[in-house]
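Descriptive structure summary
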Amino acid sequence: GKAKMVLRTFSGVSIRFTSSGEFSAVSFVAVATALSAMLVYIGLPTLIVNAVAMNCLGHASQYLSMAARQVLDPKDMLLGMAARSVALQKAFKEVMSKEEIE
């Protein structure tokens, strides 16, 4: 037969590509671990617990729902703040009058 000879010379960097690897079966434990980690990171357990607490506990769900979604009334907030201010002012005056006596 005929032979052919190729002469190559390199000056600089030589790059050689090789392919290798191994094929094996899918590890269901690794897949389950990765999926559970993803679910925890996206907050799915918290959503499930909140859904159960708000919808599946009968009367307790109603109380939990009302507590979680408390309606704020500005009038009630201002009345409470005014009552606390009056009580604090009265207590301050009593403390100051006792210090003047001593």
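Residues numbered from 1 in each chain as written. Predicted model: local features only at pLDDT ≥ 70, side-chain atom pairs only at ≥ 80, totals over all residues. Heavy atoms only, no water.

As for the overall build of the protein chain
Each helix and strand in the protein chain was counted, giving four helices and zero strands. Along the protein chain, helices and strands appear, N-terminal first, in the series α-α-α-α. For a compact globule of 102 residues, the expected C-alpha radius of gyration is about 13 Å, and the protein chain comes in at 38 Å, more than 25% above that figure. Overall, the C-alpha framework of the protein chain stretches about 125 × 50 × 30 Å when taken along its three principal axes. Put simply, the protein chain has 102 residues, and 2% of those count as buried. For the protein chain, the exposed area adds up to about 10400 Å²; of that, 65% sits on carbon and sulfur atoms. Placing the 10 positive and 7 negative side-chain charges of the protein chain at their respective mean positions leaves the two points 32 Å apart. (Helix = DSSP H or I, 4+ residues; strand = E, 2+ residues; numbered from the N terminus. Rg over C-alpha atoms; globule rule 2.2 N^0.38 Å. Buried < 20%, exposed > 50% of the residue type's maximum accessible area, 1.4 Å probe, protein only. Areas by Shrake-Rupley, 256 points an atom, 1.4 Å probe, with all protein chains shown as cover. Lys, Arg positive; Asp, Glu negative; His and termini not counted. Charge placed at Lys NZ, Arg CZ, Asp CG, Glu CD.)

Describing the pattern of salt bridges
Within the structure shown, the criterion is met by one salt bridge. E94 is the partner of K90 in a salt bridge, and the nearest nitrogen-oxygen pair spans 3.5 Å. Here K90 and its partner E94 are both found in helix α4 (residues 74–101), four residues apart, which amounts to about one turn of the helix. The exposed category is assigned to K90, whose relative accessible area is 53%. (Salt bridge = Lys/Arg side-chain N within 4 Å of Asp/Glu carboxyl O.)

Topic: helix α1 (residues 28–41)
For α1, which comprises 14 residues, the first-to-last C-alpha distance of 20 Å matches the rise-based estimate of 20 Å (1.5 Å per residue) to within 8%. Looking at the residues trailing α1, positive phi occurs at G43, about 85 degrees. (Expected span 1.5 Å × (residues − 1).)

Description of the packing of helix α2 (residues 44–55) against helix α3 (residues 59–68)
For the pair α2 and α3, the least separation of the axes is 6 Å and the interaxial angle reads 115 degrees. Only S61, L64, S65 and A68 of α3 make contact with α2, whose side of the interface consists of V52, A53, M54 and N55. The class makeup of the residues in the contact of α2 with α3 is five nonpolar, three polar and no charged. (Axes fitted to C-alpha atoms, helices over the stretch in contact; angles between N-to-C directions. Contact = heavy atoms within 4.5 Å. Nonpolar A, V, L, I, M, F, W, Y, C, P; charged D, E, K, R; others polar.)

Concerning the environment of A67
Inspection of the secondary structure puts A67 in helix α3. Considering only alpha carbons, one finds A67 and V95, 28 residues apart in sequence, at a separation of 38 Å.

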